[in-house]
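As a plain string of letters, each chain reads:
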Amino acid sequence: MSAKSFLVVDDSKFVRHVACDILNKLGFETDQADDGDTALVACQAQMPDAILLDWNMPRVDGITFMRELRTSVPGGTTPTILFCTANNDIEDVQTALTEGADEYIMKPFDEEIMRTKLEEVGLL
């Protein structure tokens, strides 16, 4: 069985690097995108099993990306989306979940937090 694929979408190169290191240690294959536009192109080329998605990004933010992804995928099959944000406002978290996120991760995160969230959504 091949490893599940994860697309890490964040405008911070550092956050992408840390997330990919953790996900690789947990057995996932990873790819990266620095904004929602690039992520949509990546998803059209090869849909990942899961996406770690930043909220605040230039050009296309996380919420807009998620809306476009959820409406553009044939058959409605979309990857598991973990929304990643430094904003712990409960209304923002609720918006992300309402718009289609499966779970959320607060920044900063570490391997233990990531493992717990991945277990909660059934990816581990």
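Quick caveat: nothing in here was measured; it's all calculated off a predicted structure.

Rules used in this analysis
- Residues numbered from 1 in each chain as written.
- Predicted model: local features only at pLDDT ≥ 70, side-chain atom pairs only at ≥ 80, totals over all residues.
- Heavy atoms only, no water.
- Pairing = 2+ DSSP bridges.
- Helix = DSSP H or I, 4+ residues; strand = E, 2+ residues; numbered from the N terminus.
- Axes fitted to C-alpha atoms, helices over the stretch in contact; angles between N-to-C directions.
- Contact = heavy atoms within 4.5 Å.
- Buried < 20%, exposed > 50% of the residue type's maximum accessible area, 1.4 Å probe, protein only.
- Arc of directions from axis to C-beta.
- Polar contact = N/O pair within 3.5 Å; in protein donor to acceptor, adjacent residues only side chain to side chain.
- Parallel < 35°, antiparallel > 145°, perpendicular 65-115°, else oblique.
- Left-handed = near helix turned anticlockwise from the far one by under 90°.
- Lys, Arg positive; Asp, Glu negative; His and termini not counted.
- Salt bridge = Lys/Arg side-chain N within 4 Å of Asp/Glu carboxyl O.

A. The sheet that holds strand 2 (residues 29-33), seen in detail. If you trace the five strands from one edge of the open sheet to the other, you get 2-1-3-4-5, paired in parallel fashion. In this open sheet, the two strands that pair with only one neighbour each are strand 2 and strand 5 (103-106). Across the sheet, the mean angle separating the axes of adjacent strands is 20° when strand polarity is ignored. Sheet strands in contact with helix 1 (residues 13-25) are strand 1 (5-9), strand 2 and strand 3 (50-54), and its direction is about 165° off that of strand 2. Relative to strand 5, helix 5 (residues 111-120) is tilted by about 175°, and along the sheet it contacts strand 1, strand 3, strand 4 (80-85) and strand 5.

B. View of helix 3 (residues 62-72). Among the residues of helix 3, G62, I63, F65, M66 and L69 are the ones counted as buried. The buried residues of helix 3 occupy an angular sector of 160° when projected down its axis, which confines them to one face. Buried residues along helix 3 sit against helix 2 (36-45), strand 3, strand 4 and helix 4 (90-98). Measuring from the side-chain oxygen of the N-cap residue of helix 3 to the backbone nitrogen of I63 gives 3.3 Å; that N-cap residue is D61.

C. Broad picture of the packing of helix 1 against helix 5. Contact pair helix 1 / helix 5: the axes reach a minimum separation of 10 Å and the direction vectors enclose 60°. When the axes of helix 1 and helix 5 are compared, the pair comes out oblique. Pair helix 1 / helix 5 crosses with right-handed handedness. In this structure, helix 1 contributes I22, L23 and K25 to the contact, and helix 5 contributes E111, M114 and L118.

D. Up close: the side chain of R16. Mapped onto the fold, R16 is located in helix 1. Here R16 is buried and forms no salt bridge, its nearest opposite-charge partner D34 lying at an N-O distance of 5.2 Å. Ignoring anything within four residues of it in the chain, the contact list for R16 reads V8, D10, D11, Q32, A33 and D34.

E. Looking closely at the pairing of strand 3. Across the five residues that make up strand 3, a large majority, five, are buried. In strand 3, alternate side chains face the same way, and those of A50, L52 and D54 on one face and I51 and L53 on the other are all buried. In this sheet, strand 3 lies alongside strand 1 in parallel orientation, the contact comprising four bridges. Bridging from a neighbouring strand, L7 pairs with I51 of strand 3. Relative to strand 4, strand 3 runs parallel, the two being bridged by five bridges. Looking at the pairing, L53 lines up with F83 of strand 4.

F. The arrangement of the pattern of salt bridges in detail. Across all of its chains, the model carries nine salt bridges by this definition. E103 is the partner of K117 in a salt bridge, and the nearest nitrogen-oxygen pair spans 3.3 Å. Here the residue K117 occupies a position in helix 5, and E103 occupies one in strand 5, the gap between them amounting to 14 residues. For K117, a relative accessible area of 15% gives the class buried. Here E120 and K117 are joined by a salt bridge, their closest N and O atoms 3.9 Å apart. Separated by three residues within a single helix, E120 and K117 lie in helix 5, roughly one turn from each other. Residues participating in the shared-partner salt-bridge network are D10, D54 and K107.

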